[in-house]
Structures are given as structure tokens and as C-alpha cells.
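So the chains spell out like this:
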Amino acid sequence: MGRPGDDRGADGGDPVVTPAPGLRSARTACPLDCPDGCSLQVVVDDGRLISVDAAPVDPTDETVNPLTAGFICKKVKGHAKRVYAPERITTPLVRTGPKGAADFREASWDEALDLVAANVRSTIDQHGPAAVAPYLYTSSGGALASGALVPLLWEALGTAEVADTICAATAGEAWDLTFGDMPAAHPLSLVDARLVVLWGVNPAVSNTHLPPLVAEAKRRGATVVVVDPRRTATAKRADLHLAVRPGTDVALAMALAASMEAEGLLATDFLADHASGVEEHLAAAREWTPERAADVCGIPAEQIVELAGLIGRSRPALFRLGWGLERNRNGGSAVRAVLALPVLAGQFGEPGSGALLSASHAPFWDSAPLRAEVLGRAEPGPPRRVINMNRIGQVLAGTDPAEAPVHLLFVQGANPAATAPNQALVHRGLGRDDLFCVVHEQVMTDTARFADVVLPATTHFEADDLAIAYGTFVAQPVTAVIDRVGGSRTNAEVVAGLATRLGFDPAVWDPDPARVLGLVTRGGVPAAASTLDPGAAVPFRDVWPVHADDPDDRRARLGTAAAPDPVATHRELAPTFPLTLITPASPRTINTMLGEWNPVDGSVRVHPDDAASRGVLDGQTVRVWNDLAELEVTVTVDPDLRPGVVAMAKGAWCRDSASGLTANALVPDTLSDLAGGACFNDARVEIAPLAG
Ligand SMILES: Nc1nc2c(c(=O)[nH]1)N[C@H]1C(S)=C(S)[C@@H](COP(=O)(O)OP(=O)(O)OC[C@H]3O[C@@H](n4cnc5c(=O)[nH]c(N)nc54)[C@H](O)[C@@H]3O)O[C@H]1N2
Ligand SMILES: Nc1nc2c(c(=O)[nH]1)N[C@H]1C(S)=C(S)[C@@H](COP(=O)(O)OP(=O)(O)OC[C@H]3O[C@@H](n4cnc5c(=O)[nH]c(N)nc54)[C@H](O)[C@@H]3O)O[C@H]1N2
Ligand SMILES: [Mo]
């Protein structure tokens, strides 16, 4: 056994440091867009954040997330640098220069909010409410920053709705189709598994507290399997690594199903009682021999037969899926086909079994009372124009004839100039002189630079909120532990300020966190961290699928007429350019956040064979291009990639790139096969040395 911490992810920080004498320490939680939802202890001096660390381990303290286990990642350890970064926006700003030049003058809150409200009103008067697009995300904020009061203003005005399709929409819909509302397996039960399958997930980077659990399961005798085009740190420690071609997971999962059937490894009793659409699913799966799938996936057929045997014979088995496999045109079918595997093998009903994808679960949350108080109706209002977030470039640039123009864009808690696909088009749209653009932000991001009005946002150290984790079953108070930086305001405060100016009753829009939380939780904010007892929430033992269309149907649905493809379907993804570009998460940032002081590695990683055949050397500057854009970046030759696949880190800032564009300029705005999800791992490119 190694030192504690040896199994932590690549970004696992050092153990907790005791605060220096004389300084105040305070407890809060991390609401960043990461599965772990860590319990934090911060050190504060005179209202200023000094340092951020894990809450100490205390098994008797129910307010501590047990997953945190006394350590946090390096990037959040440095979070104070963002709070006081030179890029921090401290006062409202109004544009004085050309669009995108980031020339602003300071303004008062009253002036800025009056200006925004006047533009909202005039846009609605001239073009109708559907010409106003609120791009709201704040996935790295608490539940009050990303939901509750925040979307209601736009609903009250009847504006367009920008649908959250950029992340997890595809996988989430695949889960819902298969399991309805059933909660995922508890991550802490992973140690009980005899087989751990990590599929399209890179926990060493994106879910730092999972690798120690995987290592513990392995110590107790589990076999660990990784399915990922890259040989990640986790893949290197695994017993079996299937380095599939991106976008071919359906073929692999179907071949695994067929192989399990051929070897008599299906759990026929479990299937008869607890699943539907099984025969349709198996009929499609039988098309996939190990050899055919091996050819499509680019892996040895023996690996498929071996994994089928493991899934059928090792009990219990736990499947942890990430989001790497959803981000292509086959993504919905991929997630459905993988979720079918533990069903076919009957891997449910005991700790250490089942499937873990998103674990967000807030049984205490109900928006209806707040909606009733604010809008006068508990139910959602009439249908509004829906804009797919992944198509924001087309919509803003006016290149899709099916989309009516947008004249006002209100961005809150997102950085689409850096994170959305088809980036050059996004920039073209943001650069329109006839677009009024408001950005509510913590720091001067690539998107804020394009704004007409920038509004300063609080960080989660400056306002009370509630963090609901999505990689474990925990909800925790987020506490205002420091003084506000400059004149920053919360999302709800900005919404309330606009609502008042637009003629709504200030009393019902009061953004006080205690009031709003009291309404959405019916006064029942959980005192303890856990929202679901791991010992009493085992899928298919204690909790069951609940399908919205038929709550009495407690079965897992493999084939279902409710899906666009009744059974999971693989489609060949035509290679327009020879290399597939994927953009996995980086240990330095959460999406683009924290990149102002810790920028991601902007190079393109290339397998040695692909580098050699193109005459490209490590460290050299190359052109990377496709039909959308061309970038000049350096090359990192990386034997951990599979040939034919190149990788660039997600989370890069345009300001750090010579061309002003990042990998997202090469990412098409095609949509996945389910829920209109993003296709970040479905880009095709070519690379070549710079001429001359
Ligand atoms: N440090 C850090 N942590 C993060 C984030 C971050 O930016 N930085 N982002 C957070 C967010 S918003 C999210 S959604 C999660 C994402 O969490 P993950 O899903 O773990 O993250 P990714 O790196 O996008 O993808 C995981 C793996 O999928 C692989 N992959 C790519 N394409 C395919 C494919 O077609 N099939 C298969 N089987 N694998 C494929 C990639 O090589 C990668 O190793 O992480 C969260 N945590
Ligand atoms: N190429 C590529 N691109 C990707 C991905 C990929 O895999 N590949 N992954 C995608 C994924 S998984 C995701 S989730 C998206 C994320 O896409 P975005 O949400 O656009 O990106 P973030 O960097 O998370 O930007 C969030 C911004 O919100 C601000 N913010 C944080 N808290 C608050 C708050 O309380 N109020 C306000 N007003 N602002 C706040 C932060 O300062 C930050 O600038 O990116 C996607 N982009
Ligand atoms: Mo995400």
C-alpha cells in the first residue's frame, strides 16, 4: 500500500493545512461544475480570502461530504487567485470602443441596469420577445445562481429560451429513457464492486475523488476496465484498456451484448422481471460480431470477448460512465447501449453494482411554490421560442434561415465565445453592431470582451447559496465567507434589479437567498450533507425506475418507441478530414474557469505515427485545420493517443491563442442523435508543418 494520496487524480492537491494562528477559518462548499461537490474550509483575514482547502475529515460531522475525504484539487486550492485576479470585474462597465475590443468605461449599477432594462423593453417592442435570448448557465454556481429565481424573469417576459444542450443533455436523456427517474449507484459503493468499468470518463482529471475508490476496489480484488481512446492515467492502472475510436461505443456495447448472449451470460430471470425491449435490443446487437465491432472500433476482437465474460461473470459490477462518449453524433445511442450492459447481466440490487452517470438528486427541491409566488402560476407558461445552445453561432450570425434574428443577448454564468462550437461564427455573431449584448461575469472573459454592458458577478465565496453535487448524493450550504469584491452582485440580485425596472412587483422578486431557498425547499433545506443514504438507495433493491409516461412501469427500458432510434443504433461517421479531434477536460481549469491564472496547455497532442507520417516534430508549430477554421499551435507528440486521434484540452481562452481562436473553432455545430447535444469529440481535422 502506498502513501495516502498516491491514488489521487493528477490534480489531487496536498493534504489539509491547519490555518495560521490569528486567522479565521470558515466552512463552505465548492459549487464548481465538477462531480465531487467538495466540503471546503477556507481561511479568511479581515473579510479577505487567504486560502482554500478541504474541510477536515470528521465522520461524526454530517455536514461534511464524505467523498471529499480531506483533500481538494490543486486548481481550487488556488481559487483565491481568481477572486482577486487582475481580470476580476468590480464595477459595471459600458462599451466605448468597437465590439470585441474590450474598451469600456465604468458605470453605476443604476445606470447599467437602466440601460439593460431599456434595451430589453425596446427590443421586445420592436422585434417581439423571441428576439431576446437569455444564455443562462452558471453550472459552476450554486442552485440559486443557476436556477430558482434566475430563469423566471425571462419566462415572465416570454423571451426565447436557450436550451442547456452543451453538456450532459444527451447522456441525461439516455438515462431517462432507460431508467426514468431512478437514482444512480452511490459512488461510495464502488469499493464493493468486483468489476469496475470506467467508460468515457477520466476521473483522474474530472472527478478527483473517484480514483482512490477505484484503487480501494482494486485492492479488494476488483478488475478495472477503461474504455477511452486515450491511455489516461486511469487506463494505465487498469487491468484492461479498450482504446476505441471516438464515436464507436455503440458498436462495442452491442457486440458485448451479443457476445454475452452467445456465451449464455444473460441474466434471464432479472430481464424477465425488470426490463423491457430486451428482444429488440438483442436482435440489433446480434448484427455485431466481435470481429465486426473490432473493425469499427479499432480494437482487438479478443478484448470484446474478454470484457463480455467479465461483465457476465464478475459480481457485483459497477459501470461509471462519463460524458466523453456522448459528444458525437452517435452519443445518445452510445450511452443507451452502455447502460443496457449492467441490465443484461443483471448487475443490480447490491452495493457495488449498477450504473453511475449523473447522481444529481434533490428530492427536497420543488420550484413550484417560488414560481407560483413570482409568476402567479405553479406550472410553466405558454411555449416559448427554443434556441439550441450549441447553435448559438448560427443564431447570432444569422446563417440559419430557419432561425429568426436575435437582437439582445443576455449571458449569465457562461463563456460561449470560448466554449461553444463553431467558434468563428460565434465571434462573428457577437461582433454584430445591431446586437445588444449583456454579460454578467466574475472576470473579463473572451465573451465579456464583446459585451455592450458588463455586470460584475459575485464568486461563491461572496454570497449564500446551496451546492447540489452531481457525482454523489450531497447538498451543502454555500456560505458568504468574505466581503464582496467591488460592487459584485449575484445572479438573482441582477434579475431582481431588472424585474423592478421592467415594472414587476419588487416584493415577489426579492432575491434574498434565505427567502428563495425557503420557497424552493418548502423550508426543508437538508441539514446533513447526504440527500440519499448509500445503504438504503441501491438501484433495483431500494429504488426503481420511475418513467414519467407510466409511473407503474418499474422496468429498465432497452428498446423503446419513445426514443428517436427505438434501439441503440451505430451510424458511420464520415471522415471529412483524416484525424479525429477530441477535447477532453484539463486538470488546470473547470471549463474555462481559473484559466486566467492557470491557462491550459494549448498544444495539439498527436500520436507518434501521425506525427511521423506528416513530418511533424514535438514542439514544432503546425497548422491544424478543417472546413471551419485554421489554427497555428504547437505539437506535443503523445504515445498515449491512438493513431488517427488528436487531442486539445478544453477550457482554453481565446485571448491566449495567437489566432484568437481555440479548439472550438474546429468543432462543428452538428448535434447528437438525442436531445440535440454537442459534438465536441466529433471534429475532423488535418495537421501539417507551417510552410517555409
Ligand atoms: N479538472 C476538470 N474537471 C472537470 C472539468 C474540467 O474542465 N476540468 N469539467 C467538468 C465538466 S463540465 C464535465 S461535463 C465533466 C466531464 O467529465 P469527463 O466525462 O470525465 O470528461 P472528458 O474529459 O470530457 O471525457 C472523458 C474521457 O472521454 C474520452 N473520450 C472522448 N471521446 C470518446 C468516445 O467517443 N468514446 C469514449 N469511450 N471515450 C471518449 C476522453 O479521451 C476522456 O478521457 O468533468 C467535470 N470536471
Ligand atoms: N471543445 C470543447 N468545448 C467544450 C467542452 C468539451 O468537452 N470540448 N465541454 C463543454 C462542457 S462539458 C461545458 S459544461 C461547457 C461549459 O461552458 P460555459 O458554461 O460557457 O463555460 P465556463 O468556463 O464554465 O463559464 C462559466 C462562466 O461563468 C462565470 N460564473 C461563475 N459563477 C457565476 C455566477 O454565480 N454568476 C455569474 N454571472 N457568472 C458566474 C465564470 O466566471 C465563467 O466565466 O463547455 C463546453 N465546451
Ligand atoms: Mo460539462
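Everything discussed here concerns the structure shown above.
Because the structure is predicted, anything quoted here is derived from the model rather than measured.

A. Quick look at the site of ligand 1. Surrounding ligand 1, one finds 35 residues, the nearest of these being Ser206, Asp228, Arg230, Trp323 and Thr589. The side chain of lysine 75 places a nitrogen or oxygen atom 3.4 Å from a nitrogen atom of ligand 1. When isolated, ligand 1 has an accessible area of 910 Å², and the protein chains bury 99% of it. Its residues placed into classes, the shell around ligand 1 shows 16 nonpolar, twelve polar and seven charged.

B. Structural detail: the sheet that holds strand S17 (residues 408-412). Strand order in the open sheet made by the six strands is S7-S6-S19-S18-S17-S8, with mixed pairing throughout. Edge positions in the sheet fall to strand S7 (104-106) and strand S8 (132-136), since each of these pairs with one other strand and no more. If you compare each strand with its neighbour and ignore which way they point, the axes differ by 15° on average. When strand S18 (residues 436-441) meets strand S19 (residues 453-456), the two strands line up parallel, connected through four bridges. Its bridge partner lying in S19, valine 438 is registered against valine 453. Strands strand S6 (93-95), S7, S8, S17, S18 and S19 of the sheet are contacted by helix H3 (residues 109-127), whose axis makes an angle of about 130° with S19.

C. Representation of the nonpolar core in the model. Counting 96 residues, the largest nonpolar core has Trp199 and Leu252 as its most contacted members. Those residues in contact with tryptophan 199 that lie beyond four places of it in its chain are Val227, Asp249, Leu252, Ala253, Leu256, Arg320, Leu321, Gly322, Leu325, Val338 and Leu341. Within the second largest apolar cluster, 54 residues are counted, among which are Ala133, Ile166, Ile392 and Val454.

D. Structural view of helix H6 (residues 169-179). Counted residue by residue, H6 has eight buried out of eleven residues, so it is predominantly covered. Within H6 the residues assigned to the buried category are Ala169, Thr170, Ala171, Ala174, Trp175, Leu177, Thr178 and Phe179. Lining the buried residues of H6 we find helix H15 (331-344), strand S15 (354-356) and strand S22 (556-557). Downstream of H6 by one or two residues, glycine 180 has phi in the positive range, about 60°.

E. Broad picture of the site of ligand 2. Taken together, 27 residues lie near ligand 2, and Arg82, Thr419, Glu441, Thr592 and Asn664 sit nearest. Within the side chain of threonine 583, one N or O atom sits 2.8 Å away from a nitrogen atom of ligand 2. Side-chain polar atom of threonine 592 to an oxygen atom of ligand 2: 2.4 Å apart, as the coordinates give it. Out of a free accessible area of 920 Å², ligand 2 has 96% covered by protein chains. For the shell around ligand 2, the residue count by class is eight nonpolar, 14 polar and five charged.

F. Geometry of the sheet that holds strand S12 (residues 240-242). Pairing within the open sheet is parallel, and its five strands lie in the order S12-S11-S10-S14-S15. Of all strands in the sheet, those bounded by a partner on one side alone are S12 and S15. Adjacent strand axes in the sheet meet at a mean angle of 15°, parallel and antiparallel pairs treated alike. Along the sheet, helix H14 (residues 301-313) contacts strand S10 (195-199), strand S11 (223-227), S12 and strand S14 (317-321); its crossing angle with S12, the most-contacted strand, is approximately 125°.

G. Structural detail: empty space enclosed by the protein. The tally for this structure, following the rule as stated, stands at three cavities of 30 Å³ or more. Around the second largest cavity, the lining comprises 17 residues; the ones closest to its centre are Cys30, Cys34, Cys38, Cys73 and Val76. When residues of the lining of the second largest cavity are traced back to their parent elements, those giving at least two are strand S5 (71-73), helix H1 (74-77) and helix H7 (203-206). Along the lines of polarity and charge, the residues of the lining of the second largest cavity split into ten nonpolar, four polar and three charged.

H. Focus on the environment of histidine 407. Relative to the assigned elements, histidine 407 resides in the loop between helix H17 (392-397) and S17. Taking the C-alpha atoms as reference points, histidine 407 and threonine 178, separated by 229 residues in sequence, lie 39 Å from one another. Discounting chain neighbours no more than four positions away, the residues touching histidine 407 are Thr123, His127, Ala131, Arg432, Asp434, Leu435 and Phe436.

I. Highlighting unusual backbone geometry. Geometrically, the link from arginine 315 to proline 316 is a cis peptide bond, its omega value of -10° lying close to zero. Summarising the element assignment, proline 316 is placed in the loop between H14 and S14. Not every positive phi belongs to a glycine, and alanine 148 is a case in point at roughly 50°. With respect to the helices and strands, the residue alanine 148 is situated in the loop between helix H4 (143-146) and helix H5 (152-157). Its relative accessible area of 13% is what places alanine 148 among the buried residues. Its identity is not glycine, yet leucine 594 carries a phi of approximately 80°, on the positive side. Relative to the helices and strands, leucine 594 resides in the loop between strand S23 (579-582) and strand S24 (604-606).

J. Structural detail: the packing of aromatic side chains. If you walk through the whole model with that rule in mind, you get ten aromatic pairs. Taking the centre distance of 5.8 Å and the plane angle of 70° together, the rings of phenylalanine 179 and phenylalanine 348 count as edge-to-face. With phenylalanine 179 in helix H6 and phenylalanine 348 in the loop between H15 and S15, the pair connects residues that are 169 residues apart, well separated along the chain. For phenylalanine 179, a relative accessible area of 0% gives the class buried. Overall, phenylalanine 348 belongs to the buried group, its relative accessible area being 9%. Linked through ring pairs, Trp175, Phe179, Phe270, Phe348, Phe540 and Trp544 together constitute an aromatic cluster. A cation over a ring is seen here: arginine 48 above tyrosine 84, with NZ or CZ 3.8 Å from the ring centre. The ring of tryptophan 625 carries arginine 623 above its face, with NZ or CZ at 4.2 Å from the centroid.

K. Molecular detail of the packing of H6 against H15. Remark: H6 packs on H15, axes separated minimally by 8 Å, with the N-to-C direction vectors making an angle of 40°. When the axis of H6 is compared with that of H15, the two are oblique. In this structure, H6 meets H15 at a crossing whose hand is right-handed. In this structure, H6 uses Thr170, Ala171, Ala174, Trp175, Leu177, Thr178 and Phe179 to contact H15, whose residues at the interface are Gly331, Gly332, Val335, Arg336, Leu339 and Val343. Here the residues of the contact of H6 with H15 sort into eight nonpolar, four polar and one charged.

L. Expanded view of the packing of helix H10 (residues 249-262) against H15. It is at 8 Å that the axes of H10 and H15 come closest, and there the two elements cross at 20°. For the element pair H10 / H15, the angle class is roughly parallel. The crossing of H10 and H15 is left-handed. In contact with Asp249, Val250, Ala253, Met254, Leu256, Ala257 and Met260 of H10, H15 contributes Ser333, Ala334, Ala337, Val338, Leu341 and Leu344. Among the residues forming the contact of H10 with H15, the class breakdown is eleven nonpolar, one polar and one charged.

M. Structural detail: helix H13 (residues 290-297). Within the span of H13, buried status applies to Pro290, Ala293, Ala294, Val296 and Cys297. Down the axis of H13, the smallest arc covering the buried residues is 165°, so these residues share one side. For H13, exposure combined with an orientation more than 90 degrees from the buried face picks out Glu291 and Asp295. Looking at the buried residues of H13, the elements they touch are H10 and H14.

Rules used throughout
Residues numbered from 1 in each chain as written. Chains lettered and ligands numbered in written order. Predicted model: local features only at pLDDT ≥ 70, side-chain atom pairs only at ≥ 80, totals over all residues. Heavy atoms only, no water. Near = heavy atom within 4 Å. Polar contact = N/O pair within 3.5 Å; in protein donor to acceptor, adjacent residues only side chain to side chain. Areas by Shrake-Rupley, 256 points an atom, 1.4 Å probe, with all protein chains shown as cover. Nonpolar A, V, L, I, M, F, W, Y, C, P; charged D, E, K, R; others polar. Pairing = 2+ DSSP bridges. Helix = DSSP H or I, 4+ residues; strand = E, 2+ residues; numbered from the N terminus. Axes fitted to C-alpha atoms, helices over the stretch in contact; angles between N-to-C directions. Contact = heavy atoms within 4.5 Å. Core = buried A, V, L, I, M, F, W, Y, C linked by side-chain atoms within 4.5 Å. Buried < 20%, exposed > 50% of the residue type's maximum accessible area, 1.4 Å probe, protein only. 1 Å grid on protein atoms, 1.4 Å probe; cavity = no way out; pocket = protein on both sides within 12 Å on 5 of 7 lines; lining within 4 Å. Points joined across faces, edges and corners; volume = space filled by probe spheres on them. Phe/Tyr/Trp six-rings, centres within 6.5 Å; stacked < 30°, edge-to-face > 60°. Lys NZ or Arg CZ within 6 Å of the ring centre and 35° of its normal. Parallel < 35°, antiparallel > 145°, perpendicular 65-115°, else oblique. Left-handed = near helix turned anticlockwise from the far one by under 90°. Arc of directions from axis to C-beta.

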